[in-house]
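# Structural features, examined
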Amino acid sequence: MPDSAAIADALTFSPEVTQRLDRTAEWCQRNGQRLTETRRQVLGLILSSEKPSGAYDLLARLRPAHPKAAPPTVYRALDFLLEHSLIHRLERLSAFVGCSHAVECPHGCNHHDEGGMHRAQFLICRGCDRAWELEQEAIAPVLTRAAQSMGFRAEAATVEIEGLCADCQKAGVTPARRPKTAAG
């Protein structure tokens, strides 16, 4: 297993990502959790990427620091990061993006809607595959009330909106059609 110096040499992150990782480690410690080196590296890879990252892409990018890493290594880290709302999973892309909300939230992430959950909306560009998180607070209560009106208690809500970003529109990009999923 590589030592800390070898890991640092194999995966170097920008000062901004490193600062975010340090804040995340402090947040984990305050909340009785541990941001292990592997979790930190996986989160750093996600935060460093311009596009949502798939699990196997993360594994390939992690291997310089962890040559014997296997899929369960990445999936365990992703499970922890998801459980603590440090990342989001984009179902449509089967990929992950970072979320600083839990770490940066001055309310302890408990005062955002009736369910006390951080609800996210994403814009996903079909041209360049980038994604942007929105935090439109008006959307979550509407969805929650609609679910309640049908006797359904919403526990999580992620809205994914596909289209073309301004840059791709300007460049005249014509995206390939994504195959429909069972949900969409």
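What you see is a predicted model, and the numbers here were worked out from it, not measured in a lab.

### Some remarks on the UniProt feature "binding site: Zn(2+)" (unreviewed entry) in the protein
- The feature "binding site: Zn(2+)" (unreviewed entry), as given by UniProt, occupies Cys-125, Cys-128, Cys-165 and Cys-168 in the numbering adopted here. Despite a sequence span of 44 residues, these residues sit close together in the fold, their greatest C-alpha distance being 8.1 Å.
- Its location among the elements puts Cys-165 in the loop between strand S5 (158-163) and helix H8 (166-170).
- We classify Cys-165 as buried; its relative accessible area is 11%.
- The contacts of Cys-165, once residues within four sequence positions are left out, are Cys-125, Cys-128, Arg-130 and Trp-132.
- Looking at where Cys-168 falls in the secondary structure, it is placed in helix H8.
- Sequence-distant contacts of Cys-168, that is, excluding residues within four places in its chain, are made with Cys-125, Gly-127, Cys-128 and Val-173.

### Let's talk about the side chain of Thr-36
- As for its placement among the helices and strands, Thr-36 is situated in the loop between helix H2 (15-30) and helix H3 (37-48).
- By relative accessible area, Thr-36 is classed as buried at 18%.
- There is a polar contact of 3.2 Å between the side chain of Thr-36 and the backbone nitrogen of Arg-39.

### Structural notes on the sheet that holds strand S3 (residues 120-125)
- Sheet architecture is open: 3 strands sit in the order S4-S3-S5, paired in mixed fashion. Across the chains shown, the open sheet's two edge strands, defined by having one partner strand only, are strand S4 (131-134) and S5. If you compare each strand with its neighbour and ignore which way they point, the axes differ by 20 degrees on average.
- Taken together, the 4 bridges between S3 and S4 define a ladder with antiparallel strand orientation. The partner of Phe-122 across the bridge, within S4, is Glu-133.

### Some words on the pattern of salt bridges
- Counting across every chain of the model gives 5 salt bridges.
- Note that Glu-91 and Arg-89 form a salt bridge whose closest N and O atoms lie 3.1 Å from each other.

### Thoughts on the packing of aromatic side chains
- The final tally for this structure, using the stated rule, is 1 aromatic pair.
- Residues Tyr-56 and Tyr-75 carry aromatic rings whose centres are separated by 6.4 Å and whose planes lie at 75 degrees to one another, so their mutual orientation is edge-to-face. Of this pair, Tyr-56 sits in helix H4 (residues 55-62) while Tyr-75 is found in helix H5 (residues 71-83), placing the two residues 19 residues apart along the sequence.
- The side chain of Arg-39 reaches across the aromatic face of Phe-80, ending 3.8 Å from its centre.

The rules behind these values
Residues numbered from 1 in each chain as written. Predicted model: local features only at pLDDT ≥ 70, side-chain atom pairs only at ≥ 80, totals over all residues. Heavy atoms only, no water. UniProt positions renumbered as here; feature names shortened; annotations may be inferred. Helix = DSSP H or I, 4+ residues; strand = E, 2+ residues; numbered from the N terminus. Buried < 20%, exposed > 50% of the residue type's maximum accessible area, 1.4 Å probe, protein only. Contact = heavy atoms within 4.5 Å. Polar contact = N/O pair within 3.5 Å; in protein donor to acceptor, adjacent residues only side chain to side chain. Pairing = 2+ DSSP bridges. Axes fitted to C-alpha atoms, helices over the stretch in contact; angles between N-to-C directions. Salt bridge = Lys/Arg side-chain N within 4 Å of Asp/Glu carboxyl O. Phe/Tyr/Trp six-rings, centres within 6.5 Å; stacked < 30°, edge-to-face > 60°. Lys NZ or Arg CZ within 6 Å of the ring centre and 35° of its normal.

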